[in-house]
Amino acid sequence: MNKSLIGVASLLTIGVLFGLSGVIAKYLSGWLNPYQVVEYRFAIAFLIATFVLLITKQKLSFSKIDPKALVFFALTFPVSVIFFTLAIFNTTVSLAVFSFYISTLVSSFVVGKIFFGEQITKNKKIALFFILLAVIAFTDPFKNFNLQIGFVYGTISGIFQTIASSYQKILGKSTNRISLLFIQTLTGIIVAASVLIYTSNPLLVALPTTALLISFVFGAIFLAISYLFLVGFKYTNLNTGSILVSSELFFGPFFAYTLLSEKLGIIELIGGLLVAVSIIFANKD
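Just so it is clear, the structure is predicted and the values come from calculations on it, not from any experiment. (Residues numbered from 1 in each chain as written. Predicted model: local features only at pLDDT ≥ 70, side-chain atom pairs only at ≥ 80, totals over all residues. Heavy atoms only, no water.)

**Observations concerning the overall build of the chain**
So, point 1. Each helix and strand in the chain was counted, giving 11 helices and zero strands.
So, point 2. When the helices and strands of the chain are read in sequence order from the N terminus, they spell out α-α-α-α-α-α-α-α-α-α-α.
So, point 3. Scaling as 2.2 N^0.38, a compact globule of 285 residues should have a C-alpha radius of gyration of about 19 Å, and the chain matches this with 19 Å.
So, point 4. Structurally, the chain occupies a C-alpha span of about 55 × 40 × 40 Å along its principal axes.
So, point 5. Intrachain contacts of the chain at a sequence separation of at least 6 include 87% that bridge at least 24 residues.
So, point 6. A total accessible area of about 14300 Å² is found for the chain, and carbon and sulfur atoms account for 70% of it. (Helix = DSSP H or I, 4+ residues; strand = E, 2+ residues; numbered from the N terminus. Rg over C-alpha atoms; globule rule 2.2 N^0.38 Å. Contact = heavy atoms within 4.5 Å. Areas by Shrake-Rupley, 256 points an atom, 1.4 Å probe, with all protein chains shown as cover.)

Right, dumping it as structure tokens:
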């Protein structure tokens, strides 16, 4: 198979899996609270990752990395997942996804400029303009200002995701992906469990067979996405790849509609299209 096609297929699959993940989290809300959903997701992913390590006999590598950077990376990623799950629980899947991408895009420009010396190009400025229009569409500040708590959670999630990605960019130069994945999932379990203990919620909940199987799929999807990222960006340039991954903007609402009967209103449709256009401009050469 053509390597370019492999890259495109891998990154589009990530968009599909990301879109499906939000729907699964929403489905599990019938049995689990947001922190339990995160705990189950990371626990299953951790068990699968450990099994893969044992089978492949790969070694974890942390000797050459900055401990402080590793700690910040390990903590910010699960926090991002928690806030995104809170967004899913408090609003529609579509709005959670849209708010996440709005925040990720804007915060990535800020972090890139301050910490990596990246220039805010003309295309990025155009992207910011479309983002502003999207925020106006979602919040209607000139008439009946409406800022849903789910939108706020999605925005916070995007900020933490940008921070985590920045540290991953730094750490990726001195260790392998499986080591970062192992730390991600282990820390995710600890963070989610800590919140559950603090809020006096049970760590384990008896689930019906169907929900348990879906939870397993949820954890496996997390690992599949990590693997497909490696394959996809190996054969696809960063700009094109980022746009392909952002197909979650379509697949999230699509799965929410087909599996959860969540419908897009005219405001959500316009806002989502504006976010999609902004991402295209942000990743143009």
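**Observations regarding the packing of aromatic side chains**
So, point 1. All told, the structure shown has 19 aromatic pairs when counted by the stated rule.
So, point 2. Relative to tyrosine 153, the ring of phenylalanine 83 has its centre 6.0 Å away and its plane inclined at 40°; by these criteria the two rings are tilted. One end of the pair, phenylalanine 83, is in helix 3 (residues 67–90); the other, tyrosine 153, is in helix 6 (residues 149–171), and 70 residues separate them in sequence.
So, point 3. Owing to a relative accessible area of 21%, phenylalanine 83 belongs among the partly exposed residues under this scheme. (Phe/Tyr/Trp six-rings, centres within 6.5 Å; stacked < 30°, edge-to-face > 60°. Buried < 20%, exposed > 50% of the residue type's maximum accessible area, 1.4 Å probe, protein only.)

**Quick look at the nonpolar core**
So, point 1. Core analysis: the largest hydrophobic core is formed by 45 residues, its most contacted members being Leu28, Tyr101, Ile102, Leu105, Phe138, Leu249 and Val275.
So, point 2. Take this core: its biggest share by element is 10 residues, from helix 4 (residues 93–116).
So, point 3. Other than its neighbours up to four places away in sequence, leucine 249 contacts Val97, Phe98, Tyr101, Val275, Ala276 and Ile279.
So, point 4. Listed in part, the 21 residues of the second largest apolar core include Phe46, Leu86, Phe182 and Val191. (Core = buried A, V, L, I, M, F, W, Y, C linked by side-chain atoms within 4.5 Å.)

**Digging into a nonpolar patch on the surface**
So, point 1. A cluster of nonpolar side chains, Val106, Val110, Ile114, Phe115, Phe116, Ile120, Leu128 and Ile170, forms an exposed patch at the surface whose accessible area comes to about 670 Å².
So, point 2. Considering each element in turn, the nonpolar patch owes the most residues, five residues, to helix 4.
So, point 3. Summarising the element assignment, isoleucine 170 is placed in helix 6. (Patch = residues over 30% accessible without salt bridge, like charges linked within 9 Å, V, L, I, M, F, W, Y side chains within 5 Å. Salt bridge = Lys/Arg side-chain N within 4 Å of Asp/Glu carboxyl O.)

**As for the packing of helix 2 (residues 34–56) against helix 8 (residues 209–235)**
So, point 1. It is at 8 Å that the axes of helix 2 and helix 8 come closest, and there the two elements cross at 65°. Considering the relative orientation of helix 2 and helix 8, their crossing is right-handed. Here helix 2 contributes Val37, Tyr40, Arg41, Phe42, Ile44, Ala45, Ile48 and Ala49 to the contact with helix 8, which in turn contributes Ser215, Phe216, Phe218, Gly219, Ala220, Phe222 and Leu223.
So, point 2. Across the contact of helix 2 with helix 8, the residue classes break down as 12 nonpolar, two polar and one charged. (Axes fitted to C-alpha atoms, helices over the stretch in contact; angles between N-to-C directions. Left-handed = near helix turned anticlockwise from the far one by under 90°. Nonpolar A, V, L, I, M, F, W, Y, C, P; charged D, E, K, R; others polar.)

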